[in-house]
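# Architecture and fold: a report
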Amino acid sequence: MSVEKHDLVHELPESKEAIHHLKINDNHFAKLFEEYHEVEHEVHRYELGAENTSDEHLEDLKKQRLHLKDQLFHMIHEYESSAEK
């Protein structure tokens, strides 16, 4: 079974500069970014079978990852929209 990683830079290569800018200049973005990658890493370990967990816990982590990703995507979009003006 192939397990896909969901890191933001690979999912949004066109937004690499915006992500970098926000990580450096926006503390809230940087905190969410770090939290997202911690959750992503944990999900990835479980999906690879390196550690075991309940299906319910894994689903909760995936929901948390999705919620964080939505927030980050929104912040990236807002930044890119304001930078175009």
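Right above here is the structure, for reference.
Reference entry: report on the structure contained in this document. (Residues numbered from 1 in each chain as written. Predicted model: local features only at pLDDT ≥ 70, side-chain atom pairs only at ≥ 80, totals over all residues. Heavy atoms only, no water.)

### Description of the pattern of salt bridges
- Under the definition given, this model contains 5 salt bridges.
- Two residues, Arg45 and Glu51, come together in a salt bridge whose shortest N-O distance is 2.6 Å.
- For Lys62, the salt bridge is made with Glu47, and the minimal N-O distance between the two is 3.2 Å. In this pair, Lys62 is assigned in helix α4 (residues 55-84) and Glu47 in helix α3 (residues 27-48), connecting sequence segments 15 residues apart.
- Lys62 gets classed as partly exposed once you look at its relative accessible area, which sits at 25%. (Salt bridge = Lys/Arg side-chain N within 4 Å of Asp/Glu carboxyl O. Helix = DSSP H or I, 4+ residues; strand = E, 2+ residues; numbered from the N terminus. Buried < 20%, exposed > 50% of the residue type's maximum accessible area, 1.4 Å probe, protein only.)

### Comments concerning the nonpolar core
- Formed by 18 residues in total, the largest nonpolar core has its most connected members in Leu8, Ile19, Phe29, Phe33, Leu72 and Ile76.
- Elements with a minimum of two residues in this core: α2 (16-25), α3 and α4.
- No other element matches α3, which puts 7 residues into this core.
- The contact partners of Ile19, leaving out residues within four places of it in the chain, are Leu8, Val9, Leu12, Phe29, Phe33 and Ile76. (Core = buried A, V, L, I, M, F, W, Y, C linked by side-chain atoms within 4.5 Å. Contact = heavy atoms within 4.5 Å.)

### A word on the packing of α2 against α4
- Orientation of α2 relative to α4, taken along the N-to-C sense of each, is 105°, at an axis distance of 10 Å. The orientation of α2 with respect to α4, classified from their angle, is roughly perpendicular. Residues Ala18, Ile19, His21 and Leu22 of α2 lie in contact with α4, whose contacting residues are Met75, Ile76, Tyr79 and Glu80. (Axes fitted to C-alpha atoms, helices over the stretch in contact; angles between N-to-C directions. Parallel < 35°, antiparallel > 145°, perpendicular 65-115°, else oblique.)

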